[in-house]
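In case you want the letters, here they are:
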Amino acid sequence: SHEVKVAVEWWVKFLCRDEGAPPVANAQKKIFGDILYKELEFRCMYHWYPDNSERGSGYRSVSTDDKIDPSLMRAITEAQIHVRCLPMQVLMFVNPGEVKVRPTYSPRSEILYSCPKHAAQHL
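Residues numbered from 1 in each chain as written. Predicted model: local features only at pLDDT ≥ 70, side-chain atom pairs only at ≥ 80, totals over all residues. Heavy atoms only, no water.

Chemist: What is the right way to read the pairing of strand 4 (residues 110-114) from this model?
Modeler: Relative to strand 4, strand 3 (residues 98-103) runs antiparallel, the two being bridged by four bridges. Directly across from Val-101, in strand 4, lies its bridge partner Glu-110. The loop that links strand 3 with its antiparallel partner strand 4 comprises six residues. (Pairing = 2+ DSSP bridges. Helix = DSSP H or I, 4+ residues; strand = E, 2+ residues; numbered from the N terminus.)

Have a look at this one:
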C-alpha cells in the first residue's frame, strides 16, 4: 500500500540521525526498507478497514517507546544496523488514507500522508 511505503520511507530517512551512532550504508538501508515493508504489509493485511480507519490502528502502530517494535527489530537485525540508529521515542500510525508520526511525549502528530477516504480502499 502507499501508506506502508510512506511509513517505511520515513523510517529509512531518519535512520542514524543520532550523533555517535554508527553510519548506515545505502545497501543496509535498502535491506532495512525491504524487510520493514514486508513486515508492515503483512501486519496490515487483516487489519485494514477503509470505512473505519481508526479500527485496528493500535495493531498497525509502530513505536520505539517503551520497547522497539518487533518489525523494526527484524529489519535492523537483517540489515545489520545498530539499534542506536533508530529514532527513539516515536509513535507512528499507519491507517487507511493516513500515516502520522509523533514523539511519544507529545500529543501533536505530524501527518506524513493523507488522502481522500475512497483512495485508501485497498491495501
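Chemist: Quick question: what am I supposed to make of the sheet that holds strand 1 (residues 61-63) here?
Modeler: Working definition: the strands of a sheet are paired by backbone hydrogen bonds and lie parallel or antiparallel to each other. Strand order in the open sheet formed by four strands is 1-2-3-4, and the pairing between neighbours is antiparallel. Both outer strands of the open sheet, strand 1 and strand 4, are each paired with one neighbouring strand and no more. Between one strand axis and the next, the sheet turns through 15° on average, direction left out of account. As paired strands, strand 2 (residues 90-95) and strand 3 are joined by six bridges and run antiparallel to one another. (Axes fitted to C-alpha atoms, helices over the stretch in contact; angles between N-to-C directions.)

Chemist: Help me out: how do you make sense of the pattern of salt bridges in this one?
Modeler: Opposite charge on two side chains lets them pair, provided their charged atoms get close. According to the stated counting rule, one finds five salt bridges in the structure shown. Between Arg-43 and Asp-69 there is a salt bridge, and its shortest N-O distance comes to 2.6 Å. One end of the pair, Arg-43, is in helix 2 (residues 26-45); the other, Asp-69, is in the loop between strand 1 and helix 4 (70-79), and 26 residues separate them in sequence. Residues Arg-43 and Asp-69 agree in their burial class; the two are buried. (Salt bridge = Lys/Arg side-chain N within 4 Å of Asp/Glu carboxyl O. Buried < 20%, exposed > 50% of the residue type's maximum accessible area, 1.4 Å probe, protein only.)

Chemist: Where do I start with the packing of helix 1 (residues 2-13) against helix 2 in this structure?
Modeler: How two helices sit against one another is set out by the angle between their axes and by the gap between those axes. Two numbers describe how helix 1 lies on helix 2: the axes approach to 9 Å, and their chain directions differ by 145°. Between helix 1 and helix 2 the crossing geometry is right-handed. Residues Val-4, Lys-5, Ala-7, Val-8, Trp-11 and Val-12 of helix 1 form the contact with helix 2, whose participating residues are Lys-29, Phe-32, Gly-33, Leu-36, Tyr-37, Leu-40, Glu-41 and Cys-44. Residue composition of the contact of helix 1 with helix 2, grouped by class: 10 nonpolar, one polar and three charged. (Left-handed = near helix turned anticlockwise from the far one by under 90°. Contact = heavy atoms within 4.5 Å. Nonpolar A, V, L, I, M, F, W, Y, C, P; charged D, E, K, R; others polar.)

Chemist: Honestly, the side chain of Arg-60 in this entry has me stumped. Any pointers?
Modeler: For Arg-60, the position within the fold is in helix 3 (residues 57-60). Buried within the structure, Arg-60 lacks any salt-bridge partner; its nearest side chain of opposite charge belongs to Glu-54, at an N-O separation of 6.8 Å. At 2.4 Å, the side chain of Arg-60 and the backbone oxygen of His-47 are in polar contact. A polar side-chain atom of Arg-60 sits 2.6 Å from the main-chain carbonyl oxygen of Ser-53. Look past the residues within four positions of Arg-60 in its chain and what remains in contact with it is Arg-43, Cys-44, His-47, Trp-48, Tyr-49, Ser-53, Glu-54, Arg-55, Met-92, Val-94, Asn-95 and Pro-96. (Lys, Arg positive; Asp, Glu negative; His and termini not counted. Polar contact = N/O pair within 3.5 Å; in protein donor to acceptor, adjacent residues only side chain to side chain.)

Chemist: In this structure, what is going on with the state of the cysteines? I would like to understand it.
Modeler: Disulfides are covalent bonds that link the sulfur atoms of two cysteine residues. Tallied over the entire structure, the rule returns one disulfide. Of all cysteine sulfurs, the one in Cys-115 lies closest to Cys-44, which takes part in no disulfide; the gap is 14 Å. Here Cys-44 falls in the buried class, since its relative accessible area comes to 1%. (Disulfide = S-S within 2.5 Å.)

Chemist: Help me understand the nonpolar core in this model?
Modeler: Of all hydrophobic cores here, the largest spans 29 residues; its most connected members are Trp-11, Phe-32 and Met-92. Of all elements in the fold, only helix 1, helix 2, helix 4, strand 2 and strand 3 reach the threshold of two or more residues within this core. Among the elements that take part in this core, helix 1 stands out by supplying six residues, more than any other. In this view, Met-92 contacts Ala-7, Trp-10, Trp-11, Arg-60, Ser-61, Val-62, Val-99, Lys-100, Val-101 and Leu-112; residues no more than four positions away in its chain are not counted. (Core = buried A, V, L, I, M, F, W, Y, C linked by side-chain atoms within 4.5 Å.)

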